[in-house]
Amino acid sequence: MALNPPLNRKLRMGLVGGGPGSFIGPVHGIAAEFDHRCTLTAGVFSSDPERSKKAAPSYGVDESRTYGNYEAMLDAEARLPDDERVDFISIATPNHTHYEIAKAAVEAGFNVVCDKPITLDLAQAESLLKTIENSDVVFALTHNYTGYPMIRQAREMIQAGELGKINAIRCQYIQGWLAGTSEDDGGQLSAWRTDPAKSGAAGTFGDIATHAFQLGRYVTGELPESVSCHLKTFVPGRRLDDYGTAVIRYQDGAIGVLTASQVTHGRENDLELEVDGTLASLKWRQESPNELVVRRAGQPHQIYTRSPGTGTMTPLAEASSRLPAGHPEGFYDAFANLYNAVFDDITLRASGAAFERRDTVYPNVYDGVEGMLFIQQCVASSEQDAAWMPLNYAEARQ
Ligand SMILES: NC(=O)c1ccc[n+]([C@@H]2O[C@H](COP(=O)([O-])OP(=O)(O)OC[C@H]3O[C@@H](n4cnc5c(N)ncnc54)[C@H](O)[C@@H]3O)[C@@H](O)[C@H]2O)c1
């Protein structure tokens, strides 16, 4: 089969972030190369040029394509001939750097895959949206949980009306790695996450509640109306929230509850989504991602498994699976599913064809702006004793 037709070649990736000891940069590298459609070709792997150079061999990136900062990478790559230049830039750096790197990359004409949250605040996200709308680049945001086949199955079942009208969305994202530790401990704690200047106005709510909020939106398609939120900081001395609960009213009457914690002892990466409809309800957990539980009125409970070729999967879910049933797929596979959809659009753009920018399979800049509004309004609500704040974008920005 041809590779990225009609380009018939691998795409070339430039990575920003992913230095020694970092978390998500290496995941981007693996996920992008997962299906052999791309090669990690260039990078700035650290804010420290020496550490960037040191990291390059482990990614197989040549010294000549390893840069000391993102400006140098964009400048040098933009000057390379078409058949050498990177096709896209992936951004896996702390939140406060996303805006300037993404903006510069888009303005230089590069497609961008940016990690979440899209920027440090809503004003930056709106500014980046304008820059992207004035360009012709592909822009994706790695809310990677949307890449799981059984999440896509849930979405397609809801789109097909199998749950009926949506009544309720319950989502929780529970971790424990910031429990029992303070900012001064160092160790595994990623210090920028609890520094408002680098993380943004929210801690846990910016870091992981945005994933949960976006997942509910992606699966149900329900548009938010307003939010009432209570944020807490349980670890003494911490400057940002490490726990919170939000109640969300959706525009057509559904109600949502979202709890996020990074201080629940022993909990790992427990992202869970439940949706109630008038005909059925469903439940999915990230820690057993190959299963989707569906409970229909008057019928026994059904557990759908990721089982391509059996006729039980919806089309996008089936197309998002690689292995036969019973061979567990997980985090990398789902992350790579996002990249695959992005590569389809990058290929369309490179071959001069039109591509969709708003209703994409992968989360995009519009989801990024929504996510920043969600963070801003949750913080504002919590500061005013959980007062209701608009989450309907048009109303909130009046
Ligand atoms: N999608 C996900 O599931 C997921 C998971 C974790 C983190 N994230 C997001 O990814 C981003 C990075 O998180 P992380 O956990 O990997 O952080 P990290 O602290 O583990 O790693 C950040 C890396 O970026 C490098 N860096 C910092 N500034 C840089 C710059 N200006 N130029 C080049 N490199 C630079 C650092 O040296 C480090 O190697 C954050 O925005 C975070 O919210 C997303």
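Just so it is clear, the structure is predicted and the values come from calculations on it, not from any experiment. (Residues numbered from 1 in each chain as written. Predicted model: local features only at pLDDT ≥ 70, side-chain atom pairs only at ≥ 80, totals over all residues. Heavy atoms only, no water.)

## Thoughts on the sheet that holds strand β12 (residues 291-296)
So, point 1. Here nine strands make up an open sheet; going across it, the order is β13-β12-β11-β10-β6-β9-β8-β7-β14 and the pairing mixed. Since the sheet does not close on itself, it has two edges, and those belong to β13 (302-305) and β14 (389-390), each with one partner.
So, point 2. Two elements, strand β6 (residues 166-174) and strand β9 (residues 255-261), share seven bridges in a ladder whose sense is parallel. Note on β9: the bridge partner recorded for Ile 169 is Gly 256.
So, point 3. Contacts from helix α6 (residues 149-159) reach β6, β10 (270-277), β11 (280-285), β12 and β13 within the one sheet, and its direction differs from that of β12 by about 30°.
So, point 4. Docked against the sheet, helix α8 (residues 204-220) engages β6, β7 (224-232), β8 (243-250), β9, β10 and β11, running at close to 150° with respect to β9. (Pairing = 2+ DSSP bridges. Helix = DSSP H or I, 4+ residues; strand = E, 2+ residues; numbered from the N terminus. Contact = heavy atoms within 4.5 Å. Axes fitted to C-alpha atoms, helices over the stretch in contact; angles between N-to-C directions.)

## Some details on the packing of α8 against helix α11 (residues 365-383)
So, point 1. Interaxial distance between α8 and α11 falls to 10 Å at its minimum, and their mutual angle equals 120°. One finds that α8 runs oblique with respect to α11. Between α8 and α11 lies a crossing of right-handed hand. Across the interface between the two elements, Phe 205, Gly 206, Ala 209, Thr 210, Phe 213, Gln 214 and Arg 217 from α8 touch Asp 367, Glu 370, Gly 371, Phe 374, Ile 375 and Cys 378 from α11. (Parallel < 35°, antiparallel > 145°, perpendicular 65-115°, else oblique. Left-handed = near helix turned anticlockwise from the far one by under 90°.)

## Observations regarding α8
Residue pairs three or four apart in sequence face the same way in an α-helix, which turns once every 3.6 residues.
So, point 1. The end-to-end C-alpha distance of α8, which contains 17 residues, comes to 23 Å, matching closely the 24 Å that a straight helix rising 1.5 Å per residue would cover.
So, point 2. In the structure, α8 departs most strongly from a straight axis at Thr 210, where the bend amounts to approximately 35°.
So, point 3. Summarising burial for α8: 17 of the 17 residues are buried, a large majority.
So, point 4. Of the residues flanking the end of α8, it is Gly 221, one or two places downstream, whose phi is positive at about 75°. (Expected span 1.5 Å × (residues − 1). Bend = angle between axes of the 7 residues up to and from the residue. Buried < 20%, exposed > 50% of the residue type's maximum accessible area, 1.4 Å probe, protein only.)

## Regarding helix α10 (residues 331-350)
So, point 1. Taking 1.5 Å as the rise per residue, α10 with 20 residues should run 28 Å; its terminal C-alpha atoms sit 29 Å apart, in good agreement.
So, point 2. Of all 20 residues that make up α10, 14 are buried, and the element is covered over most of its length.
So, point 3. Downstream of α10 by a residue or two, Gly 352 has a phi angle that is positive, lying close to 80°.

## Regarding the site of the ligand
So, point 1. In the neighbourhood of the ligand, 26 residues make up the surrounding shell, with Gly 19, Asn 95, Lys 116, Asn 144 and Trp 192 lying closest.
So, point 2. One nitrogen or oxygen atom from the main chain of Phe 23 is found 3.1 Å from an oxygen atom belonging to the ligand.
So, point 3. Mapped by element, the contributors of at least two residues to the shell around the ligand are β1 (11-17), α4 (95-107) and α8.
So, point 4. By residue class, the composition of the shell around the ligand is nine nonpolar, 13 polar and four charged.
So, point 5. The residues that make up the shell around the ligand include at least three from each of domain 1 (11-145 + 340-363) and domain 2 (146-325 + 372-383). (Near = heavy atom within 4 Å. Polar contact = N/O pair within 3.5 Å; in protein donor to acceptor, adjacent residues only side chain to side chain. Nonpolar A, V, L, I, M, F, W, Y, C, P; charged D, E, K, R; others polar. Domains from an automatic or database assignment.)

## Focus: the pairing of β10
Regular strands have side chains that alternate between both faces of the sheet.
So, point 1. Across the eight residues that make up β10, a large majority, seven, are buried.
So, point 2. Here β10 pairs with β11 via five bridges, running antiparallel. Bridged to Val 275 within β11 is Leu 282.
So, point 3. The turn linking β10 back onto β11 is made up of two residues.

## A look at the sheet that holds strand β3 (residues 88-92)
So, point 1. Strand order in the open sheet made by the five strands is β2-β1-β3-β4-β5, with parallel pairing throughout. Both edges of this open sheet fall to β2 (38-44) and β5 (139-141), since each of them pairs with a single strand only. Neighbour-to-neighbour, the strand axes of this sheet turn through a mean angle of 20°, independent of strand direction.
So, point 2. When β1 meets β2, the two strands line up parallel, connected through six bridges. Note on β2: the bridge partner recorded for Leu 15 is Gly 43.
So, point 3. Of the strands in this sheet, β1, β2 and β3 touch helix α3 (residues 70-79), which is tilted by about 130° from β2.

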